[in-house]
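Chain by chain, the residues:
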Amino acid sequence: MKVKAAVFYEPGVPLAIETLDLAAPGPGEVLVRVAAAGVCHSDWHLMTGATRHATPVVPGHEGAGVVVGVGPGVGRVRVGDNVALSWAPSCGACFYCLHDRPSLCQTYVGPLWAGTMMDGTTRLSHDGRPVYHFSALACFADHTVVPEECCVVLDKDIPLTVAALIGCAVTTGVGAALNTAHIRPGSSVAVFGAGGVGLSIIMGAKLAGASRIIAIDTHEAKGDIAQAFGATDVLMAGPETVGAIQALTEGRGADTVFEAIGLPAVQETCLAAVRPGGLVVLVGISPMGSATNLPGALITRQEKTVTGTYYGSANPARDFPLYAGLYRRGLLDLGRLISRTYPLEQINEAYADMLGGEIARGLIVFP
Ligand SMILES: NC(=O)c1ccc[n+]([C@@H]2O[C@H](COP(=O)([O-])OP(=O)(O)OC[C@H]3O[C@@H](n4cnc5c(N)ncnc54)[C@H](O)[C@@H]3O)[C@@H](O)[C@H]2O)c1
Ligand SMILES: [Zn+2]
Ligand SMILES: [Zn+2]
């Protein structure tokens, strides 16, 4: 079939809206009519060259839609199901899956980073030449073929716009707070970067009962946005930031500090901003090949812990319905994350708005 998709060719060149060929789903694959796809910074890392990938590639890894076809042997979903898409399919059988760390599943890492389906081939093509799938989802397209392991069925009362955000920002951010950091009631939290991911961390910290949630951003407009999600204090990023965080936490530094941008220099600031014995969680994805300078002596003497979080240490099959249920009960304000919607043709404007710092999350919606 023919699909309309946004295609990435090379860093610095805007995404091109093109008509591509999409082959029928193979064994274990699912054809999804995409309803909505979130504008996440991880796709933008392709545009800057910070993340390298085979090209041409269709980005988009934060999506939801309706199953409209299934390949042979598909058992998880049926035509008509509403699905949120996971960009980290897990096998259920490897060491990591068996030890409750499915976001670290190694089974599919090869094809995922090669930009193909699990059999090493693409379903997308243009004039007979392969077009790659970003994170096996390629959901900046009106239809996509994905491995069935990427599909999590959600109840029909959950809007597909909200389901899309559960597919990345919400699961990453709320999961970083709950699964990775295990935030305790009454604790203090600082979040660097109040984008879709950082705001989701703030929501997760509020849900866990943190008493002080400090949001730090470079854009003035993010202050009001962060407070609407539960930040108790907002700071403009600058040379005074660490001192200001200490002043808000009885001189100690925050119990838990999240970096939700992907900048080595800010990761270093996070270590200074966390109290002795505290936890730094690196959520933002820094450029491939970059390095962060964290003073080992300080980590030793002050027993600071630094960890990463991939997809909020999630188990998507468990966590997507959990977050959908918390949304339904009014405990996660996911609708508020969607500041603006765009047709696919305006995807480059949507990314400009993300960088402009005035919005929480932009969302591509398909008619
Ligand atoms: N770990 C994971 O599994 C995972 C999943 C999704 C996204 N990410 C990464 O998380 C990061 C955030 O993604 P997003 O979609 O929320 O991005 P975003 O662009 O929506 O938000 C980033 C925020 O950081 C702010 N910022 C930029 N420089 C800053 C600085 N020096 N100090 C303070 N704030 C600053 C921006 O103003 C913006 O509000 C990206 O690196 C993305 O790739 C990681
Ligand atoms: Zn993302
Ligand atoms: Zn596995």
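Just so we're clear, the structure is a prediction, and the values are computed from it rather than from any experiment.

### A look at the packing of helix α5 (residues 196-207) against helix α6 (residues 222-229)
Viewed as axis vectors pointing N to C, α5 and α6 meet at an angle of 35°, and their least axial separation amounts to 8 Å. Here the hand of the crossing between α5 and α6 comes out right-handed. Between α5 and α6, the contacting residues are L199, I202 and M203 on the first element and I225, A226 and F229 on the second. Residue composition of the contact of α5 with α6, by class: 6 nonpolar, no polar and no charged.

### Describing the sheet that holds strand β15 (residues 274-282)
Taken together, 6 strands build an open sheet; the order of strands is β13-β12-β11-β14-β15-β16 and the sheet is parallel. Every other strand in the sheet has two partners, leaving β13 (233-236) and β16 (305-308) as the edge strands with one partner each. In this sheet, neighbouring strand axes are inclined to one another by 20° on average, regardless of whether the strands run parallel or antiparallel. In this structure, strand β12 (residues 212-217) lies alongside β13, joined through 4 bridges in parallel fashion.

### Considering the sheet that holds strand β1 (residues 2-7)
Read from one edge of the open sheet, 5 strands run β1-β2-β7-β8-β4, paired in mixed fashion. Each end of this open sheet is capped by a strand with a single partner; those strands are β1 and β4 (57-58). Both β4 and strand β8 (residues 129-133) contribute to a ladder of 2 bridges, which runs parallel. If you follow V57 over to β8, its bridge partner there is Y132.

### With respect to α5
Helix length check: α5, at 12 residues, gives a terminal C-alpha distance of 17 Å against a target of 16 Å (1.5 Å per residue), a fit within 8%. With respect to burial, α5 is a largely interior element, 11 of its 12 residues being buried. Among the residues of α5, G196, V197, G198, L199, S200, I201, I202, M203, G204, A205 and K206 are the ones counted as buried. G209 sits one or two positions beyond α5 and adopts a positive phi of about 90°.

### A few points about the site of ligand 1
The environment of ligand 1 is formed by 32 residues, the closest being H41, G193, G195, V197 and G262. Broken down by secondary-structure element, the contributors of at least two residues to the shell around ligand 1 are α1 (41-48), α4 (160-180), α5 and β12. Residues from two domains meet in the shell around ligand 1; each of domain 1 (2-168 + 313-365) and domain 2 (182-308) gives at least three.

### Quick look at the domain arrangement of the protein
The assigned domain composition of the protein is domain 1 (2-168 + 313-365) and domain 2 (182-308). The C-alpha centroid of domain 2 is placed 28 Å from the C-alpha centroid of domain 1. For the side of domain 1 that touches domain 2, the elements supplying multiple residues, two or more each, are α1 and α11 (334-337). It is α1 that provides the largest number of residues to the side of domain 1 that touches domain 2, a total of 3 residues. Residues belonging to the side of domain 1 that touches domain 2 are distributed by class as follows: 6 nonpolar, 6 polar and 5 charged.

### Things to note about unusual backbone geometry
Following T55, the chain continues into P56 via a peptide bond in cis, with omega recorded as -5°. Relative to the helices and strands, P56 is located in the loop between α1 and β4. Phi at D127 is positive, roughly 50°, even though this residue is not glycine. With respect to the helices and strands, the residue D127 is situated in the loop between β7 (124-126) and β8. Given 7 C-beta atoms within 10 Å, D127 falls into the exposed group. Despite not being glycine, S313 shows a phi value in the positive range, around 45°. For S313, the location among the structural elements is in the loop between β16 and α10 (316-328). Judged by the 24 C-beta atoms lying within 10 Å of it, S313 falls in the buried class.

### A closer look at the packing of α4 against α10
Running from N to C, α4 and α10 point in directions that differ by 105°, and their axes come no closer than 10 Å. By the angle between their axes, α4 is roughly perpendicular relative to α10. Contact residues: α4 offers V162, I166, V170, T171, V174 and G175, while α10 offers P316, D319, F320, Y323, A324 and Y327. Looking at side-chain class alone, the contact of α4 with α10 contains 9 nonpolar, 2 polar and 1 charged residues.

### With respect to the environment of G80
Structurally, G80 can be placed in the loop between β5 (63-70) and β6 (82-85). Distance from G80 to V66, taken between C-alpha atoms, is 6.0 Å for residues 14 residues apart in sequence. Discounting chain neighbours no more than four positions away, the residues touching G80 are V66 and V67.

The rules we used
Residues numbered from 1 in each chain as written. Chains lettered and ligands numbered in written order. Predicted model: local features only at pLDDT ≥ 70, side-chain atom pairs only at ≥ 80, totals over all residues. Axes fitted to C-alpha atoms, helices over the stretch in contact; angles between N-to-C directions. Helix = DSSP H or I, 4+ residues; strand = E, 2+ residues; numbered from the N terminus. Left-handed = near helix turned anticlockwise from the far one by under 90°. Contact = placed C-beta atoms within 7 Å. Nonpolar A, V, L, I, M, F, W, Y, C, P; charged D, E, K, R; others polar. Pairing = 2+ DSSP bridges. Expected span 1.5 Å × (residues − 1). Buried ≥ 20, exposed ≤ 12 C-beta atoms within 10 Å, placed from the backbone. Near = placed C-beta within 6 Å. Domains from an automatic or database assignment. Parallel < 35°, antiparallel > 145°, perpendicular 65-115°, else oblique.

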